[in-house]
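The residues making up each chain are set out below.
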Amino acid sequence: MQVIIPGEPAKFALRLVAHAPNGDRLGVLPQHSGFELGTPLNDVPSLKVTYPTGGLNAALIAGHCEVAVEYAADGGAWEEPPNARFLRIKRGGDSTDRAAARSYDCPGWAWQLRKVVLYPNSAMVDGKRPFNAVSPGAILATFIQEGKARGALPALAFDFSTSHDSGGAPWSKTLTLAIEPGKDLLAVLINLGEQGVIDWRMQGRELQVFNPDTVLGADRASGASPVDLRLGRDITEAPDTGTLADAASAILIGGESGLSVEVTNPSATAPWGRWETYQSQGGVSDSGTATLLGRNALERVARERVQVTRGLMFDAARWLPFEHYQPGDYLLAPGDGGAMQSLRLRQITLSVESDGQIGGNVVLNDRFLEREIRLARQSQGILDGGVSSGGSGSDPAPDSDGRVPAAPQGLIVEALAYLDQHGYAQGQATVTWGAVNADVNGVALDPDGYEVYARRNEAGQFWLLVGQTASGDLQTTVSPLVVGWEYAFKVRALNNGVKGVFSDQFVVLIPDDATPPPVPSTPVVASRLGVIHVEWNGLGSAGEAMPIDLDRVHVWMKDPLNPADQGMRVGYLTGAGTEVIPGQPYNADREIWLTSIDRSGNESAASTHVTVATKPLVDTDLIGNIIDGAAHIIDGTIPGDAKITADSITGRLIRALAIEADKIAANAITADKIAAGSIQAGHVSANAITADKIAANAITAAKIAADAITGKTITGSVLRTAATGQRIVIDPTTLDIRFYPDGTSNYSRLWTSDDDFAGEATFRITSGTNGGQTARTFFTLAAGWTKLEVLTPSAASANGGFLESAEDYSRIGYDNDTSDNQYMWFDGSGRTTHYGKWWDSAFAVSTWGVHSGSRIASSGWSGIVINYGPTMQGNMGPVAVLRDGAMTSNPSLDPNFYWCIEASTQTSFTISWGEGGGVRSGKAIYWWSFRHDGEA
């Protein structure tokens with residue numbers, strides 16, 4: 001029984017209200033013995049209520065009714081939030097219970113959407129209802145409207161249309177599906193939600209459906225006033241449960257026709273070594289799609305899966321459920337380990353005890369789990385989106401020999417980007433269409449199969465056959481495709497060798513990889529030897545390994561005391577290592593942070609910022625003066641409190657064997673304290689001098705006798721030929737060699753690592769920057785891939801020519817991070833492709849191998865001379881075409897007329913035309929003229 005205590009209104013309160021089925025409000029249910037409700041995202045909510053038979057208004061809930069949960073926050077009015085209307089359809093009780101309490105299990109109002117099923121109609125194909133290239137709203141509205149016309153769910157309302165979602169936005173997806181009669185509305189609704197096509201909820205008896213991750217994906221974790229659930233204020237407890245049960249680092253994908261593709265994830269968590277799994281993918285016949293599916297599967301099981309549950313408190317809470325956040329929202333809350341991070345709210349669970357005390361919790365997903373959900377949806381869309389298979393068992397169609405199949409309807413294409421084995425973005429397309437069941441005359445026909453064609457969406461490009469399916473398969477996958485290109489697709493049916501009419505074309509842009517790498521871990525920053533050292537451990541901010549397409553990690557720096565300083569890139573790392581920042585003023589704070597960038601140019605958010613100041617080696621007022629070691633050396637730089645003057649302690653003042661090794665501070669004895677020749681080999685015990693006993697730079701070339709080091713292994717830290725000036729620096733910790741020709745920070749570098757390809761030693765060379773500080777050259781040499789490229793000084797972006805070669809392709813060209821890049825592409829198919837543009841005739845030099853261009857000839861002309869400009873150094877072979885402008889304004893004119901190339905020299909060629917259809921109109925000439933060594 002709920003006890004009502006007079007006083008100030010509660011911070012947060014819940015109550016139950018009964019409504020007649022499909023009808024009006026009946027009244028409050030005030031004397032419950034407790035209830036619990038759960039409201040998940042994109043699923044049916046639930047309510048459990050205990051109510052005494054003698055309680056006030058007990059008769060209302062004992063009968064058939066709807067139960068609404070209402071809330072009031074901060075003394076405000078009572079409101080019914082989304083997903084808070086329930087059906088009282090199940091009850092229970094115990095006759096021996098003296099309190100005569102009854103329990104009621106109430107599913108959300110959306111539960112009864114399962115009571116609306118799809119009926120067959122006259123447009124059935126293979127026993128299924130086709131929905132060809134329609135929006136999610138059109139499919140759902142068909143269920144609802146046809147069901148209501150039969151009298152089903154008369155109170156159900158919806159506020160979306162076939163063209164717009166419940167928020168008024170145009171639908172972002174189109175679908176081609178074939179649905180079996182008998183499938184219910186709730187199953188379709190949940191399936192579309194699981195595939196990431198929609199988000200949905202109920203508001204009372206109204207179904208609201210939105211584009212995914214929009215209205216039900218609000219970002220409340222950022223901005224001026226983020227919704228931050230804090231321990232001790234909004235949250236009482238924060239249990240985390242993690243498991244590696246499903247983890248794997250390698251997967252074997254089995255596809256059609258013996259296709260077998262192995263995909264590995266070197267960044268997966270693998271404390272016991274390699275864990276393998278297998279996945280059979282019927283219908284997949286190309287390795288690119290198999291790689292995409294395998295990589296998605298591995299990313300979903302690459303790390304420990306953690307369930308994050310956060311218990312709620314209400315009296316002191318700043319943020320309250322329903323009032324400030326809903327399922328689907330992104331909130332700022334303690335994640336795994338307690339650090340505040342952006343988490344997505346997946347479910348709210350609330351309970352009310354018999355005394356009115358409210359408790360509850362929220363289930364939150366971190367960015368890893370949300371990405372796993374998106375990858376699962378992506379894979380499900382490739383395999384299940386729009387697939388129609390199996391026969392209907394109906395009578396065979398009439399004989400179809402020689403008949404032409406009709407054009408398929410509902411062609412749609414969903415394009416994705418994936419990473420190949422080298423970490424480069426490639427394109428993949430899933431092509432879906434509706435079944436053909438008749439010929440061009442409308443007579444029934446069962447086609448043998450389908451052919452899918454594609455081409456780059458540019459005039460003059462050839463159509464290529466990219467897929468073939470059997471008669472019942474209405475989907476295929478195509479890869480690899482070039483990201484950033486537009487492709488056109490079309491499909492036709494086949495009937496005993498007769499090719500059908502092509503469908504309408506579907507044009508799609510192949511997206512580039514848009515997922516940035518993880519935020520880098522916090523850099524370790526220190527000031528040593530008058531410069532700043534920035535060290536990165538090669539991992540992400542959550543301790544995760546970096547992905548295969550990581551290109552580099554940028555090192556950023558700014559003056560934190562200068563509001564106008566937004567920071568600048570001061571270096572980069574291609575893997576775990578240290579970047580040195582010289583030339584900073586002493587004792588001036590510098591703020592350092594990192595960002596990561598992949599090969600597609602996606603850059604992560606900034607890492608945690610760290611502040612450091614460069615420290616001088618001696619008191620700054622002594623810089624440039626003679627230093628007296630006894631008086632001027634900064635306290636603490638010599639072990640002990642005393643500053644000892646030269647020669648004040650001599651050998652005769654020290655008892656023999658009185659000073660032992662443990663009495664001497666590290667680095668306390670330097671070369672100038674030891675008389676020449678006083679220490680001989682017989683005075684030093686074996687292995688007594690180790691690397692940590694020798695001060696940095698203490699051993700110079702002058703201290704080492706000629707031929708003293710022969711055939712020995714040198715271990716330790718950085719080796720330098722000199723401290724300043726022209727020098728070579730070898731750093732074994734980063735496998736790094738740097739060459740300083742003039743003592744400045746402008747150096748060339750050689751190093752190797754296994755960051756890009758696990759188990760491989762990747763070799764790199766970087767030149768210094770040019771005098772204008774505009775470019776440097778970068779060379780990478782891996783086992784199956786190499787690239788030579790001109791970059792900006794920070795190596796952040798392309799800025800010149802490049803040569804790239806891999807096992808399955810090669811390309812050479814120019815790239816400066818603009819849309820005017822160009823290159824030649826060669827691959828194992830035996831085909832060559834040119835990307836970019838050709839110089840037009842406004843500019844030429846005599847050694848050009850190809851001269852191309854276009855020209856417009858005014859109306860009435862009978863010919864034109866095309867001048868190259870210079871005299872070309874060799875014979876020219878012109879290839880030209882002529883377009884008649886008359887056809888544009890008057891298509892009925894005869895476009896046929898006589899024309900030819902009459903003359904060709906090293907300076908020009910002449911093209912002429914005679915009388916014919918449309919000769920009075922203007923002409924457009926397009927040509928391609930090439931130098932050759934033959935006679936013309």
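What you see as residue numbers is a count from 1 along each chain, following the sequence as written. Where local features are concerned, this predicted model is filtered to residues with pLDDT of at least 70; where side-chain atom pairs are given and counted, the filter is 80 or more; whole-chain, interface and lining totals use all residues. For side-chain calculations, the full set of non-hydrogen atoms in the structure is used, while hydrogens and water are omitted.

Counting from the N terminus, the helices are DSSP H or I runs at least four residues long and the strands are E runs at least two residues long. When helices and strands are counted, the chain shows 7 helices and 54 strands. When a residue's accessible area, from a 1.4 Å probe over protein chains only, is under 20% of the maximum for its type it is buried; when over 50% it is exposed; and in between it is partly exposed. Within the chain, the proportion of its 936 residues that are buried is 41%. By the convention used here, residues are in contact when the closest approach between their heavy atoms is within 4.5 Å. In the chain, the proportion of contacts linking residues at least 24 apart, taken out of those at least 6 apart, comes to 61%. Surface exposure of the chain reaches about 47,600 Å², of which carbon and sulfur atoms provide 52%. Here, Shrake-Rupley sampling with a 1.4 Å probe gives the accessible areas, and only protein chains in the shown set may cover a residue.

Once that is clear, we can look at the sheet that holds strand β6 (residues 85-87). Note on pairing: DSSP must find at least two bridges between two strands before they are called paired. Strand order in the open sheet formed by 4 strands is β2-β1-β5-β6, with antiparallel pairing between adjacent strands. The two strands at the open ends of the sheet, each matched to only one other strand, are β2 (25-28) and β6. Adjacent strand axes in the sheet meet at a mean angle of 30° when their direction is disregarded. The pairing of strand β1 (residues 12-19) with β2 spans 3 bridges and is classified as antiparallel. Note on β2: the bridge partner recorded for Val 17 is Val 28. Between the N-to-C directions of two axes lies an angle of 0 to 180 degrees, each axis being a line fitted to C-alpha atoms and, for a helix, fitted only over the stretch in contact.

The next thing to look at is the pattern of salt bridges. Salt bridge, as used here: a side-chain nitrogen of Lys or Arg that lies within 4 Å of a carboxyl oxygen of Asp or Glu. In total, this model carries 24 salt bridges according to the counting rule given. Of the charged contacts in the structure, one is a salt bridge between Glu 80 and Arg 85, with a shortest N-O distance of 3.0 Å. Taking the relative accessible area as the measure of exposure, Arg 85 reaches 8% and is therefore buried. Look at the salt bridges and you will find they share partners, linking Glu 66, Glu 80, Arg 85 and Arg 205 into a network.

Let us look at the packing of helix α2 (residues 136-149) against helix α3 (residues 185-194). Between α2 and α3, whose axes approach to 10 Å, the crossing angle comes to 165°. The orientation of α2 with respect to α3, classified from their angle, is roughly antiparallel. You can see that α2 and α3 cross each other, and the crossing is left-handed. Residues Ile 139, Leu 140, Phe 143 and Ile 144 of α2 form the contact with α3, whose participating residues are Leu 185, Val 188, Leu 189 and Leu 192. Across the contact of α2 with α3, the residue classes break down as 8 nonpolar, no polar and no charged. If an angle is under 35 degrees, it is roughly parallel; if it is over 145, roughly antiparallel; if it lies from 65 to 115, roughly perpendicular; otherwise it is oblique. Handedness of a crossing is defined here by the sense of rotation of the near helix relative to the far one, left-handed for an anticlockwise turn of less than a right angle and right-handed for a clockwise turn. Any residue outside Ala, Val, Leu, Ile, Met, Phe, Trp, Tyr, Cys, Pro, Asp, Glu, Lys and Arg is labelled polar, Gly included; the first ten of those are nonpolar and the last four are charged.

A pair of Phe, Tyr and Trp rings is counted when the ring centres sit within 6.5 Å of each other, with Trp represented by its six-membered ring. The angle between the planes then sorts it: under 30 degrees is stacked, over 60 is edge-to-face, the rest tilted. In the structure shown here, the tally under the stated rule is 22 aromatic pairs. Taking 5.4 Å as the distance between ring centres and 90° as the angle between the ring planes, the aromatic pair formed by Tyr 453 and Phe 502 counts as edge-to-face. One end of the pair, Tyr 453, is in strand β25 (residues 449-456); the other, Phe 502, is in the loop between β29 (498-499) and β30 (506-509), with 49 residues separating them in the sequence. Look at Trp 556 and Trp 593: their rings are 6.2 Å apart centre to centre, the planes differ by 5°, and that puts the pair in the stacked class. Placement of the pair is Trp 556 in strand β33 (residues 550-558) and Trp 593 in strand β36 (residues 589-598), with a sequence separation of 37 residues. For Trp 556, a relative accessible area of 16% puts it in the buried group. Owing to a relative accessible area of 6%, Trp 593 belongs among the buried residues under this scheme.

What follows covers α3. Listing the buried residues of α3 in full gives Leu 185, Leu 186, Val 188, Leu 189, Leu 192 and Gly 193. All buried residues of α3 project into a common sector of 165° when viewed along the axis, lining one side. The backbone nitrogen of Leu 186 lies 3.1 Å from a side-chain oxygen of the residue at the head of α3, namely Asp 184. Directly beyond the C-terminal end of α3, a positive phi value near 75° is found at Gly 196. Note: the arc covers the axis-to-C-beta directions of the helix. Counted as a polar contact is a pair of N or O atoms within 3.5 Å, where, for protein atoms, one must be capable of donating a hydrogen and the other of accepting one, and residues adjacent in sequence contribute only when both atoms are in side chains.

The next thing to look at is the pairing of strand β41 (residues 748-753). Residues of β41 alternate between two faces, with Arg 749, Trp 751 and Ser 753 buried on one and Ser 748, Leu 750 and Thr 752 left unburied on the opposite face. Where strand β40 (residues 736-740) meets β41, 4 bridges bridge the pair, whose relative direction is antiparallel. Counterpart to Phe 739 in the pairing with β41 is Ser 748. Pairing between β41 and strand β42 (residues 762-766): 5 bridges, direction antiparallel. When the sheet's bridge partners are listed, Arg 749 is paired in β42 with Thr 766.

With 4 bridges connecting them, strand β19 (residues 305-312) and strand β22 (residues 358-365) associate as antiparallel partners. Pairing of Val 308 across the sheet is with Leu 364, part of β22. As paired strands, strand β21 (residues 340-352) and β22 are joined by 8 bridges and run antiparallel to one another. Directly across from Val 352, in β22, lies its bridge partner Ile 358. Hairpin connection of β21 to β22: 5 residues between the antiparallel strands, including Gly 356 at a positive phi of 90°.

Here the focus is the side chain of Arg 811. Position of Arg 811 among the secondary structure elements: in strand β46 (residues 809-815). A polar contact of 2.4 Å, which involves the side chain of Arg 811, links it to the side chain of Glu 804. When sequence neighbours within four positions are dropped, the list of residues in contact with Arg 811 reads Lys 787, Phe 802, Leu 803, Glu 804, Tyr 823, Met 824 and Trp 825.

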